[in-house]
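This is what each chain is made of:
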Amino acid sequence: LLVGTGDGTVAVVKDKDSNFKKTKKVAKLEGAVTSLALRGKGHQFYVGTAICHIYRFKFAEFTFELQSTCHYDVVNDLCFPRGCSDILATCSRQDIRLWNTNSGQEVLRITVPNMTCLALAIMPDGKTIISGWDDGKIRGFYPESGKPKFTVENAGGGPVTALAPYSDNSKMVSGSAQGNVAIWDVPERQQTKNPTYLTKHSALKEHKAQITRIHLRKDDSECVTSCKDGSCIIWDLLKMQRTQMIRVNTLFMNALFHPSEFQILTSGTDRKIGFWEKFNASMIREVEGSASGSVNSLDISQDGTYFVSAGDDKLIKCWLYDEGECTHIGIGHSAPIIGAKISPNERFITSISADGAILKWKFPH
């Protein structure tokens with residue numbers, strides 16, 4: 001008999017005449033064994049574990065190799081390095097993973113035990129992965145090795161739920177579950193004396209609930225923050241003050257600038273996608289983004305012609321921006337979609353969901 005156990009042991013045991021005595025063919029895997037499947041006549045077999053690892057075993061030698069892996073909990077955020085579509089970064093409970101988007105294989109895994117990574121971004125120069133965690137810390141990592149680069153303690157009071165780096169790599173903006181928005185100086189060279197130190201440039205406090213998204217203009221002069229208190233605020237990052245505020249009876253899940261930077265696109269739990277004028281925060285129009293459930297994610301193509309939305313209805317939708325018409329719908333997720341991003345080369349869309357899935361879609365336009 002082939003047996004898999006809750007502590008990750010895979011073993012061959014004798015039959016009941018020998019009281020199921022264990023043989024020498026024993027192996028230890030990561031995670032509880034949840035499934036076994038023979039291949040052909042049993043010269044090979046596959047083992048699945050509770051942390052989403054699939055191993056392939058050779059029965060004669062009883063050796064194994066990891067075939068595929070994925071997140072085993074909610075995937076909270078995803079991002080591409082600037083201008084690079086071959087690498088995708090995602091984060092979930094206990095870990096950050098880098099993926100090769102062509103092969104679907106995991107390239108790097110950064111693990112922080114017993115913590116959940118809630119926000120993820122890669123500095124535009126590609127030299128640092130920055131991440132926000134539920135213990136209130138911002139952690140920076142080297143993308144080649146995954147080794148820690150810096151840690152910001154108590155980065156905003158409560159879990160860090162949103163991050164956005166400046167395009168010149170000099171600063172980053174963070175948002176917390178308490179509604180605090182903070183700007184941090186990121187040094188060009190890592191200090192050897194105190195590598196965990198980042199200077200807080202300034203703090204912006206007007207939101208009253210969790211910050212869900214921060215999006216900066218290309219010249220880093222302004223940013224828009226969306227919040228679950230029903231407000232989106234446009235901040236002047238030079239004067240460090242609020243310039244405009246959008247208030248609606250919804251929990252905002254996303255807000256971002258149109259590439260022309262004259263308009264803002266928002267989505268939230270009222271299932272609507274809102275188009276707003278940046279100059280005076282007046283509504284231009286509103287479209288029904290979903291028939292059921294919150295619209296959690298938005299992303300716009302680089303020329304601003306198309307945008308993508310996704311949410312609790314488990315559908316990916318592609319829209320024409322100017323017409324406000326949905327042109328394509330993608331069906332494939334089996335749980336609410338947390339985020340969706342158009343790849344930098346605009347060949348495909350990547351989406352993440354609450355059941356740990358990462359799906360790659362062909363960009364229809």
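The text that follows walks through the structure, step by step, so that each part is easy to find. (Residues numbered from 1 in each chain as written. Predicted model: local features only at pLDDT ≥ 70, side-chain atom pairs only at ≥ 80, totals over all residues. Heavy atoms only, no water.)

**Quick word on the packing of aromatic side chains**
So, point 1. Counted under the stated rule, the structure contains 13 aromatic pairs.
So, point 2. Note on Phe 80 and Phe 348: the rings are 6.0 Å apart at their centroids and 65 degrees apart in plane angle, and the pair reads as edge-to-face. In this pair, Phe 80 is assigned in the loop between β8 (77-79) and β9 (87-91) and Phe 348 in strand β32 (residues 348-353), connecting sequence segments 268 residues apart. The pair formed by Phe 80 and Phe 348 is uniform in burial state, with each residue classed as buried.
So, point 3. Residues Phe 275 and Phe 307 carry aromatic rings whose centres are separated by 6.0 Å and whose planes lie at 75 degrees to one another, so their mutual orientation is edge-to-face. Note that Phe 275 is positioned in strand β25 (residues 272-277) and Phe 307 in strand β28 (residues 306-311), a separation of 32 residues in sequence. By the burial criterion, Phe 275 is buried, and Phe 307 matches it.
So, point 4. Counting every residue linked through ring pairs, the aromatic cluster contains Phe 45, Tyr 55, Phe 57, Phe 59, Phe 62 and Phe 64.
So, point 5. One Lys or Arg, Lys 25, reaches over the ring of Phe 59 and ends 4.0 Å from the middle of that ring.
So, point 6. One Lys or Arg, Arg 285, reaches over the ring of Phe 275 and ends 4.4 Å from the middle of that ring. (Phe/Tyr/Trp six-rings, centres within 6.5 Å; stacked < 30°, edge-to-face > 60°. Helix = DSSP H or I, 4+ residues; strand = E, 2+ residues; numbered from the N terminus. Buried < 20%, exposed > 50% of the residue type's maximum accessible area, 1.4 Å probe, protein only. Lys NZ or Arg CZ within 6 Å of the ring centre and 35° of its normal.)

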